[in-house]
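# Close look at the chain arrangement
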Amino acid sequence: MLRINRYKSTLTVSLLFCLLSTMSCGFEDDYEDNCDDVVRVAFKMSFADSNTRAANEGWGDYDPTDPGVAYENAINPDQLQIKVCDVSGNIIADVENVIAIKGETDGNYTITGTWEDAADKLTQAKKIMVFANCGPTNVTQSNIASLAFNKDDTKQYIPMWGVTTLGQTLQIGKSNDLGTIYLLRSLAKVKVKMKDGMKARDYSLGEITFNNYNTRGYTLPATYNTASDTKQIFFNNSLRPLASLAAAPIAMTNSESDEESIMLYIPEYDNINADTDKKATITLKLKCEGMDDGTYTLQFCNYTDGAPDPATLYNIQRNHYYEYTVYKDDGVKISLTVKEWNKRTHSDIIM
């Protein structure tokens, strides 16, 4: 069992990837039950797995062994904050003395903590918010709406956030089980890969660049203060881009050797409303037997029979996984699948 102080901790947390079983949480035996102004809370953290859906089908090709999985699910122990909020999502108190109890399954953690001096605000408490990897600054009501991050500062940890609504009034002096609080990543994941069999025909990915993207992003989605649960953050109402257009394209690279695919993690981008010359695209140079085999532009839209349909543009949205598959026979054919970004094997596609 590891203890986390309010702003400093010694914990490394791995988030869950499936709905956790009903939990049984306890607190240290020496807890003073006669402390009448303290509320104790306990919950588990996971990724959203409700029935909300992403933009299209296509989960079946997702490979949970993709490079980057450890990065995608890492929690900075010094940047885990838990807030008590009112019905409108306004912060009214901090949860302190946080403890993380590791379960028998890897990535299974129960989070517990205390809300001190709670009596005066107990009836106002309607929601609990979790902020992970959101920087060292304390999240307060005065800065919550403006919380933002620079893309270059997310190379080790991805900002994440989640919310749950309390099913009943928190009880003084008791352990209040909040169930599971689901988290959303504040970045999107973009991957370009070759279809199976291309490598055997001596094809490889050459230089790949991402054109037109935001260098900064908001930590919270558009409906952070009105959603009663993270699972209510839908694909079509969550977009909250921070206008910060990059001055130049960025190279897409992998931290691990992978000759058949390449990835990039990117903040949200309003691609639909962007000017024509500011639409997000990917420039791909394909190689065959080590020689240049053409340069191609990948658009964020539906592809029909390998060809783009620019009338069906997609925005780049948080916590979603945009996977391009490239194939060449008599010509290059491309497909784009927009998926929920989770390490899952079932067929649901969710926000």
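Residues numbered from 1 in each chain as written. Predicted model: local features only at pLDDT ≥ 70, side-chain atom pairs only at ≥ 80, totals over all residues. Heavy atoms only, no water.

## Re the confidence of the model for the chain
The predicted model of the chain averages 78 in pLDDT, with 74% of residues at 70 or higher. The weakest mean pLDDT in the chain belongs to strand β2 (residues 13–14) at 31; the strongest belongs to strand β15 (residues 216–218) at 98. Confidence over residues 343–351 falls short of pLDDT 50; this stretch has 46 contacts with residues more than four positions distant or in other chains. (pLDDT = per-residue confidence, 0-100. Helix = DSSP H or I, 4+ residues; strand = E, 2+ residues; numbered from the N terminus. Contact = heavy atoms within 4.5 Å.)

## Observations regarding the sheet that holds strand β19 (residues 291–299)
Taking strand neighbours across the sheet as the criterion, the 4 strands line up as β16-β14-β18-β19 in an open arrangement whose pairing is antiparallel. Bordering the open sheet on either side are β16 (250–251) and β19, each of which pairs with just one other strand. Note that strand β14 (residues 203–211) and strand β18 (residues 281–288) share 7 bridges and pair antiparallel. Looking at β18, one finds that S204 is bridged to K287. (Pairing = 2+ DSSP bridges.)

## Some thoughts on the nonpolar core
F210, I282, F300, Y322 and Y324 are the most contacted members of the largest nonpolar core, which totals 36 residues. When contributions to this core are tallied by element, the ones reaching two or more residues are β13 (188–194), β14, β17 (261–266), β18, β20 (301–304), β22 (320–328) and β23 (332–340). Once residues lying within four places of it in the same chain are set aside, the contact partners of Y324 are V190, K191, V192, K193, I282, L298, Q299, F300, Y303, I334, S335 and L336. V84, I92, I111 and L183 belong to the second-largest nonpolar core, a separate cluster that totals 30 residues. (Core = buried A, V, L, I, M, F, W, Y, C linked by side-chain atoms within 4.5 Å. Buried < 20%, exposed > 50% of the residue type's maximum accessible area, 1.4 Å probe, protein only.)

## Focus on the pairing of β13
In terms of burial, β13 is a largely internal element, 7 of the 7 residues being buried. Neither face of β13 is left uncovered, since the one carrying A188, V190, V192 and M194 and the one carrying K189, K191 and K193 both have all their residues buried. As paired strands, β13 and β17 are joined by 6 bridges and run antiparallel to one another. Note on β17: the bridge partner recorded for K193 is S261. Summarising the sheet, β13 and β22 pair through 6 bridges and their orientation is parallel. The residue of β22 that forms the bridge with M194 is V326.

## Topic: the environment of I282
With respect to the helices, strands and loops of the structure, I282 is situated in strand β18. Sequence separation between I282 and F210 is 72 residues, and the spatial gap between their C-alpha atoms is 4.6 Å. With sequence-adjacent residues up to four places away left out, I282 is seen in contact with V190, V192, I208, T209, F210, N211, M252, Y296, T297, L298, F300 and Y324.

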